[in-house]
Amino acid sequence: MPNRILRSLLALALLPAAPAQIRTLIVDGQNNHDWKTTTPVLQRLLEQTGRFQVEVATSPAKKEGIGAFAPEFAKYKLVVLNYNGQLWQDSTREAFLAFVRNGGGVVIYHAADNSFPEWSEYNQIIGVGGWNNRTGAAGHLVRWRDGKTVREETPGNTGHHGGRKPFLVTIRDPKHPIVKGLPAVWMHAEDELYDSLRGPAQQLDVLATALSSKDNKGTGENEPMLMAIRFGKGRIFHTTMGHDLRAMSCTGFIATYQRGAEWAATGKVTQRVPADFPKADQPTCRTPFP
């Protein structure tokens, strides 16, 4: 065998092996949002990175009952929740809690933070949530004021948004792996800007906020958009963004979702900031999409 071929083979043998794909489960099936459209996008965006192997568990429709729904969470490293529906049976809830406590990663996507108001551990996992008859008893309102996270027990509504418009997102913890290297301020495409979310807010790190403008029936507060939460040994990435395909096509949503998913599963982010990440003047969206 010629020396140059031997050297090439030896060089290939010394290359680091590609990291194993992250086995991922997306849970959907009941939602007041269009999960039939958004789940394929969530799946495709993860698979595009080459880091994730994705499967989907779809619950029965509400009229069919939730009793038999029992995903095998322990088989996965990451669970993405695109679910806002009936409370799971006791054994399914216990299996999910065991998954997270033992180090499983979770992505809370948009309306998944509306779900399960009566499940106390779930509310710890999501940090803050809204709607579904949540009241001031659900926990703290979380806002960003004067350079820090502020938690309030002020009574009032829980969960609100104005009309869908573009809005500026401001990074608040630039050293966190999910948002490290992103522009300090960037424009997100038309979306629902969630405000007045509340919950236990334990071990919650606000990564990015957006101003809920009073001109759009908002609170006038800097509301959390991206959050990182710890529960047991588990890591949770919570994004309030991504209401529909237009919002999901924003490169800002895409990159933070992909990076947040990797961090939740592994504690690290290996993905580079995309060249088309939006700046402060206008959003950048990928078309055609999906």
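As the structure is a computational prediction, the values presented were derived from the model and not from experiment.

Caption draft 1: Local environment of the overall build of the protein. Across its full length, the protein carries six helices and twelve strands. At 20 Å, the protein has a C-alpha radius of gyration in line with the 19 Å of a compact globule built from 290 residues. Seen through its principal axes, the protein has C-alpha atoms that stretch 80 × 50 × 35 Å. Across the 290 residues of the protein, 51% fall into the buried class. Taken as a whole, the protein presents about 13200 Å² of accessible surface, with 50% of it coming from carbon and sulfur. Computing the positive centroid from 34 side-chain charges and the negative centroid from 27, the protein places the two 8 Å apart.

Caption draft 2: Region of the structure containing helix α2 (residues 35-48). For α2, built from 14 residues, the straight-helix expectation of 20 Å at 1.5 Å per residue is met to within 8% by its first-to-last C-alpha distance of 20 Å. Taken as a whole, α2 has its buried residues at Trp-35, Thr-38, Thr-39, Val-41, Leu-42, Leu-45 and Leu-46. All buried residues of α2 project into a common sector of 165° when viewed along the axis, lining one side. At its buried positions, α2 is contacted by β1 (22-28), β2 (52-58), β3 (78-81), β4 (105-109), α5 (245-248) and α6 (251-266). One or two residues past the end of α2 sits Gly-50, with phi positive at roughly 80°.

Caption draft 3: Examining the environment of Met-225 more closely. Note on placement: Met-225 falls in strand β11 (residues 222-231). Classification of Met-225 as buried rests on a relative accessible area of 0%. In this structure Met-225 touches Phe-167, Leu-193, Tyr-194, Ala-208, Thr-209, Ala-210, His-238, Thr-239, Thr-240 and Met-241, once residues within four positions along its chain are discounted.

Caption draft 4: Region of interest: the pairing of strand β6 (residues 148-152). Here strand β5 (residues 140-145) runs beside β6; their pairing, made up of five bridges, is antiparallel. From the neighbouring strand, Trp-144 faces β6, where its bridge partner is Thr-149. Between β5 and the antiparallel strand that follows it, β6, lie two residues; Asp-146 among them carries a positive phi value of about 50°.

Caption draft 5: Spotlight on the packing of aromatic side chains. Counting across every chain of the model gives 18 aromatic pairs. Measuring from ring centre to ring centre gives 5.0 Å for Trp-88 and Phe-116, while their planes differ by 70°; the resulting arrangement is edge-to-face. Residue Trp-88 is located in the loop between β3 and α3 (90-101), and its partner Phe-116 is located in the loop between β4 and α4 (120-126); the two are separated by 28 residues in the primary sequence. Under the relative-accessibility criterion, Trp-88 is labelled buried at 1%. Taken together, the ring pairs in this structure connect Phe-69, Phe-73, Tyr-83, Trp-88, Phe-96, Phe-99, Phe-116, Trp-119 and Tyr-122 into an aromatic cluster. Just above the ring of Tyr-76 sits the side chain of Arg-23; from NZ or CZ to the centre is 5.0 Å. The ring of Trp-119 carries the charged tip of Arg-93 above its face, separated from the ring centre by 5.7 Å.

Caption draft 6: The environment of Phe-69, seen in detail. Position of Phe-69 relative to the elements: it lies in the loop between β2 and β3. Excluding residues that lie within four positions of it along the chain, Phe-69 makes contacts with Val-27, Ala-57, Thr-58, Ser-59, Pro-60, Trp-88, Gln-89 and Thr-92.

Caption draft 7: Representation of the pattern of salt bridges in the model. Scanning all chains against the criterion turns up eleven salt bridges. Residue Arg-286 is joined to Asp-276 by a salt bridge in which the shortest nitrogen-to-oxygen separation is 3.0 Å. Here Arg-286 is found in the segment after α6, whereas its partner Asp-276 is found in the segment after α6, with ten residues between them in sequence.

Caption draft 8: Seen up close, the confidence of the model for the protein. Mean pLDDT over the protein: 94, with 93% of residues reaching 70 or higher. Of all the helices and strands in the protein, helix α1 (residues 3-14) carries the lowest mean pLDDT, 56, while β3 carries the highest, 99.

Caption draft 9: How the structure looks around unusual backbone geometry. A positive phi angle, close to 50°, is found at Asn-132, a residue other than glycine. For Asn-132, the position within the fold is in the loop between α4 and β5. For Asn-132, a relative accessible area of 38% translates into the label partly exposed. In this structure, Ala-201 is a non-glycine residue whose phi angle is positive, near 55°. By the secondary structure assignment, Ala-201 is in the loop between β9 (198-199) and β10 (204-211).

Caption draft 10: Quick peek at α6. When the terminal C-alpha atoms of α6 are compared, their 22 Å separation across 16 residues agrees well with the 22 Å that a helix rising 1.5 Å per residue should span. Buried residues dominate α6, accounting for 15 of its 16 residues. Trailing α6 by a residue or two, Gly-267 shows a phi angle of about 85°, which is positive.

Scoring rules and cut-offs
Residues numbered from 1 in each chain as written. Predicted model: local features only at pLDDT ≥ 70, side-chain atom pairs only at ≥ 80, totals over all residues. Heavy atoms only, no water. Helix = DSSP H or I, 4+ residues; strand = E, 2+ residues; numbered from the N terminus. Rg over C-alpha atoms; globule rule 2.2 N^0.38 Å. Buried < 20%, exposed > 50% of the residue type's maximum accessible area, 1.4 Å probe, protein only. Areas by Shrake-Rupley, 256 points an atom, 1.4 Å probe, with all protein chains shown as cover. Lys, Arg positive; Asp, Glu negative; His and termini not counted. Charge placed at Lys NZ, Arg CZ, Asp CG, Glu CD. Expected span 1.5 Å × (residues − 1). Arc of directions from axis to C-beta. Contact = heavy atoms within 4.5 Å. Pairing = 2+ DSSP bridges. Phe/Tyr/Trp six-rings, centres within 6.5 Å; stacked < 30°, edge-to-face > 60°. Lys NZ or Arg CZ within 6 Å of the ring centre and 35° of its normal. Salt bridge = Lys/Arg side-chain N within 4 Å of Asp/Glu carboxyl O. pLDDT = per-residue confidence, 0-100.

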